[in-house]
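Tertiary structure, described
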Amino acid sequence: MNKTGAEDLGDFYPIRPECQADTPKPRFKPRAGKTLSERRWNAAFSEDGHLNIEKVLRRIQRGGVHPSIKGSVWEFLLGCFDPNSTYDERNQLRQHRREQYSRWKAECQYMVPVIGSGKLITTPIITDHGQPVIDYSITDDKGQQVNSSFSDKRSIQWMLALPQIGLDVVRTDRALSFYESEKNQAKLWDILAVYAWVDNDISYVQGMNDICSPMIILLENEADAFWCFEHAMRRLRENFRSSASSMGVQTQLSTLSQVIKIVDPKLHQHLEDVDGGEYLFAFRMLMVLFRREFSFADALYLWELMWAMEYNPNIFSLYEKPIAESDKSAAPMLNNKLLKQCGKFERKKVKTGCKDQESALAVFLVASVLEAKNKRILKEAKGLDDVVQILNDITGNMDARKVCKEALKIYKKYLSKFWNAVVSSLSTLADSDLDLSFTANKYSVRMEGNVIAAALEKIEHVKSPEGEVLTMPFLDLCKTVLPVLDNFGPAMAPAKSDIGGNISRLENMYLSNQSEFNHLYMIVRSEIESKKAKSSSSCTNALLWLTRAMDFLSELFCNLLAHPDWSMSHVALKLAPDRKKFMSVVGVKGDDVSDMEKFSGRFSPLLEENHKFLASVGMDNLKA
Amino acid sequence: MPSRRRTLLKVIILGDSGVGKTSLMNQYVNKKFSNQYKATIGADFLTKEVQFEDRLFTLQIWDTAGQERFQSLGVAFYRGADCCVLVYDVNSMKSFDNLNNWREEFLIQASPSDPENFPFVVLGNKVDVDGGNSRVVSEKKARAWCASKGNIPYFETSAKEGINVEEAFQCIAKNALKSGEEEEIYLPDTIDVGTSSQPRSTGCEC
């Protein structure tokens, strides 16, 4: 180690001498006092092997992991092992997994003997119909690479994928001395082949070799490398899912487009204008997690920063369940102690209640790269090709830590801007010349007690025995649910007062002639007769916008019920407060949502009725 | 951006994984061969300035991923192509058999205005391998297929040795230029009054 505390990486990932000129130089250097060192790593374990993950994460997020211990640290970051386990427990699990890998590999070997032989294949071994291809260059008895002909779809598909894996393996990280060895190439081929056999849903897709390659360099035991790769794939496999019309990664690309639209609308607009609206220029970055944009060592550094920031202490138990059973909502809740064991990004994510895969940190990393090139893209990009060009120029020139830091900033900005966008779209619901006599005081309903139970009770009385919507009970009901908006913080206040203004206008009308306006729709009918309905200050207008605002709340309730994890797919909820807190404020105790379900089931048909009536008199599409 | 359209010729290279698409593109543009290329993910491109008569063009060559699974992305990348290069490996029968799929898929996804006459060029690559001893697709067979698809120009190349690469891309550029100019006739709003259209001819004049 030299005086600056930085050491050379050349010894860890040696480059073939003839390739040195064409290979980007790594920027990452282990820094004393910042990078997780071997000594610190060893010191983070208790006597029986419990790992202080919180301490370790803090280090990694600051300066990455020293190359000498990357393999074993990654096993924890990727969730192969529970930090809360003992050495013995982990050894047992490791043993168990190694045996499992051997069994799978033996199945593969039985079909294709080249597996595990230290060699690999790059040419077809069977036809599309499962007949063995005779290869006369093979000197064994029959010139066949397979043990018999196969007819089951799974075996055929797998064997058809093998040459593709081979073609990519021989081209993987060829600049590294490590892959000069045929044995090491064959190891990569074996692992990818076994993976394709086990995960036959995804099988093999180009790019998985780039993800797998570092694992083999970092973990000497082949089975251990396999499991590390398998765990990395749990986060990434949806990106590799392909159909006739799309690739899985396009889901993340559309999240990326949402993010840029919100944090940098000007850039988003420009990208749309130059036909980059699908963000395909970011395809490779997400698919192989920046392996092509960063040097080998820097990509590894970026990955561990990213996985540390995304770390969730429940990851191990979540992964230990078979894939089919892993119901996200069944994950144990995070208390404060566990929250401290989350990475920076994950903590923020858990606090806002979002758990989905589409909004992985990688998406925000791409956003941060785009933001870094924002000026050049705006100025120089006149087509999709220019964007690709500008992004190609970053190769080898980006600082992994900086990209991560910016990504976190963008994530925060996204969260706050997102909510503002929701609010402003809501406030356009209200018209400009509202009845300003409305005061929050007058209509504020105290939140103590049970909002939902109260609303449920009120909704019983909204209709007359003849089925007519009654003015005051309806307005009462609206007033009861309106304070729900308080939970969205002060940002929601303007929208809330606008809605209150509409309630107030209708209520004043009712008070002016209680018997005539006892039925809500009579107010509208009388305004139509006097040709006042279309005025922006009409009660008709107020009823329309009030109904629309209530649609939003109703939608919110439906969402809460349908998505116990505040799914990100429902944009309007991305910035909503913590679900648990929210539920307790609206009066849902524990997870008893039956009242909410009942209310929700009645509220939306009622609103629908308003729309139908307004539509029947031609008033359902008035503009503010 | 009409000025841009006129001087930019877009070429797409398609073909099975590992036939040498990236190598061919790099040999033509950078005049070098490297054994360091990785599998292409998504699509990437290089550009080269070419001159015809006294006009300068930018040839934009798009290199694509060879695995069939990536084909759904084609729509976005093939858009506006002026010529499509189909590459196979003369040592791999399967890569030759697949040319038909690549051609058809391209026509579906790029949906050129005149699919019958859209310019393709076929390259049989890796003729250097094993002194030609491992070759499984004969030149005759390849030419016969090209003839059956409306006289597609055909070249046998070695990206590694730089054999026939320059010639092939000259032909590609010429065909792209022809197709680009005809497109201007179909789309009146992009007509450049300074250019004259040439009569169509199939096959390559080079």
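Residues numbered from 1 in each chain as written. Chains lettered and ligands numbered in written order. Predicted model: local features only at pLDDT ≥ 70, side-chain atom pairs only at ≥ 80, totals over all residues. Heavy atoms only, no water.

What follows concerns the overall build of chain A. The helix and strand tally for chain A stands at 27 helices and zero strands. Looking at chain A as a whole, 55% of its 624 residues qualify as buried. Expressed as a percentage of contacts within chain A between residues at least 6 apart in sequence, the contacts between residues at least 24 apart total 75%. Looking at chain A as shown, the accessible area adds up to about 27400 Å², and 50% of this sits on carbon and sulfur atoms. (Helix = DSSP H or I, 4+ residues; strand = E, 2+ residues; numbered from the N terminus. Buried < 20%, exposed > 50% of the residue type's maximum accessible area, 1.4 Å probe, protein only. Contact = heavy atoms within 4.5 Å. Areas by Shrake-Rupley, 256 points an atom, 1.4 Å probe, with all protein chains shown as cover.)

Here we take up the packing of aromatic side chains. Residues and elements named next belong to chain A. According to the stated counting rule, one finds 39 aromatic pairs over all chains in the structure shown. Among the aromatic residues, ring-to-ring pairing joins Tyr-101, Trp-104, Tyr-195, Phe-226, Trp-227 and Phe-229 into one connected group. The ring of Trp-197 is capped by Arg-154, whose NZ or CZ atom sits 3.7 Å from the centre of that ring. (Phe/Tyr/Trp six-rings, centres within 6.5 Å; stacked < 30°, edge-to-face > 60°. Lys NZ or Arg CZ within 6 Å of the ring centre and 35° of its normal.)

Among the nonpolar cores identified, the biggest contains 171 residues, and Trp158(A) and Phe106(B) are the most heavily contacted of them. When residues of this core are assigned to their parent elements, the largest contribution, twelve residues, is made by helix H12 (residues 296-309) of chain A. Non-local contacts of Trp158(A), meaning those with residues more than four positions away in its chain, are made with Cys108(A), Met111(A), Val112(A), Ile115(A), Ala193(A), Ala196(A) and Trp197(A). (Core = buried A, V, L, I, M, F, W, Y, C linked by side-chain atoms within 4.5 Å.)

Residues and elements named next belong to chain B. In terms of residue burial, strand S1 (residues 8-14) counts as a mostly covered element, since six of its seven residues are buried. Here six bridges tie S1 to strand S3 (residues 55-64), and the two strands are oriented parallel to one another. Bridge pairing in S3 links Lys-10 to Gln-60. Note: S1 against strand S4 (residues 83-89), four bridges, orientation parallel. Within S4, the position partnered with Val-11 by the bridge is Cys-83. (Pairing = 2+ DSSP bridges.)

A few words on the confidence of the model for chain B. Residue and element names in this part refer to chain B. Per-residue pLDDT for chain B averages 87, and the proportion of residues at 70 or more is 85%. Segment residues 1-5: pLDDT under 50, and eight contacts once partners within four positions in sequence are set aside and those in other chains are kept. Here residues 185-203 is a poorly scored stretch, pLDDT under 50, and it has 27 contacts once near neighbours within four places are set aside; other chains count. (pLDDT = per-residue confidence, 0-100.)

Spacing of three or four residues puts side chains on the same side of an α-helix, whose turn is 3.6 residues. Residue and element names in this part refer to chain A. Between its terminal C-alpha atoms helix H4 (residues 87-111) stretches 37 Å, which fits the 36 Å expected from 25 residues at 1.5 Å a residue. What H4 keeps buried is the set Arg-90, Leu-93, Arg-97, Gln-100, Tyr-101, Trp-104, Lys-105, Cys-108 and Met-111. At its buried positions, H4 is contacted by helix H3 (70-77), helix H5 (153-169), helix H6 (182-198), helix H8 (222-240) and helix H13 (315-320). (Expected span 1.5 Å × (residues − 1).)

Residues and elements named next belong to chain A. This model, assessed by the stated rule, comprises 36 salt bridges over all chains. Measuring nitrogen to oxygen at the nearest pair gives 2.9 Å for the salt bridge that ties Arg-94 to Glu-75. Separated by 19 residues along the polypeptide, Arg-94 in helix H4 and Glu-75 in helix H3 bring together distant segments of the chain. Among the residues examined, Glu-75 registers a relative accessible area of 5% and is labelled buried. Overlapping salt bridges bring together Asp-199, Asp-201, Arg-237, Glu-238 and Arg-241 as one network. (Salt bridge = Lys/Arg side-chain N within 4 Å of Asp/Glu carboxyl O.)

Across the boundary between the two partners, chain A contributes 43 residues, which contact 29 residues of chain B. A buried area of about 3000 Å², summed over both sides, lies between chain A and chain B, and 50% of it is on carbon and sulfur atoms. Three residues, Arg171(A), Gln206(A) and Asp385(A), lead the burial of chain A against chain B; their summed loss comes to 19% of the area buried on that side. Between Arg79(B) and Asp275(A) there is a salt bridge, with its nearest N and O atoms 2.6 Å apart. When contributions to the side of chain A that touches chain B are tallied by element, the ones reaching two or more residues are H5, helix H11 (283-287) and helix H18 (384-392) of chain A. With five residues, the top contributor of residues to the side of chain A that touches chain B is H18(A). (Buried area = accessible area lost by both parts, 1.4 Å probe.)

Further remarks concern the side chain of Asp210(A). Tracing the backbone shows Asp210(A) in helix H7 (residues 208-218). Setting aside chain neighbours within four positions, we find Asp210(A) in contact with Val288(A), Arg291(A), Arg292(A) and Trp303(A).

Next up on the list: the environment of Val469(A). Residue and element names in this part refer to chain A. Mapped onto the elements of the fold, Val-469 is located in the loop between helix H21 (451-459) and helix H22 (471-481). Judged by relative accessible area, Val-469 falls into the buried class, the value being 1%. Residues within four places of Val-469 in sequence aside, it is in contact with Val-462, Lys-463, Phe-474, Asn-518, His-519, Leu-520, Tyr-521, Leu-606 and Glu-609.

Here the focus is the packing of helix H9 (residues 249-263) of chain A against helix H16 (residues 361-372) of chain A. All names here are of chain A. Where H9 contacts H16, the axes come no closer than 9 Å and their chain directions differ by 50°. Taken together, the axis directions place H9 and H16 in an arrangement best described as oblique. Of the two elements, H9 crosses H16, and the hand of that crossing is right-handed. Contact residues: H9 offers Gln-252, Thr-255, Leu-256, Val-259 and Ile-260, while H16 offers Val-363, Phe-364, Val-366, Ala-367 and Leu-370. Residues that form the contact of H9 with H16 fall into these classes: eight nonpolar, two polar and no charged. (Axes fitted to C-alpha atoms, helices over the stretch in contact; angles between N-to-C directions. Parallel < 35°, antiparallel > 145°, perpendicular 65-115°, else oblique. Left-handed = near helix turned anticlockwise from the far one by under 90°. Nonpolar A, V, L, I, M, F, W, Y, C, P; charged D, E, K, R; others polar.)

The next subject is the side chain of Asp16(B). Residue and element names in this part refer to chain B. Checked against the element boundaries, Asp-16 lands in the loop between S1 and helix H2 (21-30). No salt bridge is formed by the buried Asp-16; the nearest opposite charge belongs to Lys-94, separated by 6.5 Å. There is a polar contact of 2.8 Å between the side chain of Asp-16 and the side chain of Asn-98. Sequence-distant contacts of Asp-16, that is, excluding residues within four places in its chain, are made with Lys-21, Gly-66, Val-87, Lys-94, Ser-95, Asn-98 and Trp-102. (Lys, Arg positive; Asp, Glu negative; His and termini not counted. Polar contact = N/O pair within 3.5 Å; in protein donor to acceptor, adjacent residues only side chain to side chain.)

So, about a negative patch on the surface. All names here are of chain A. Residues Glu-47, Asp-48, Asp-88 and Glu-89 make up a contiguous surface patch of negative charge. Mapping Asp-48 onto the fold places it in the loop between helix H1 (38-43) and helix H2 (53-63). The partly exposed category is assigned to Asp-48, whose relative accessible area is 37%. (Patch = residues over 30% accessible without salt bridge, like charges linked within 9 Å, V, L, I, M, F, W, Y side chains within 5 Å. Charge placed at Lys NZ, Arg CZ, Asp CG, Glu CD.)

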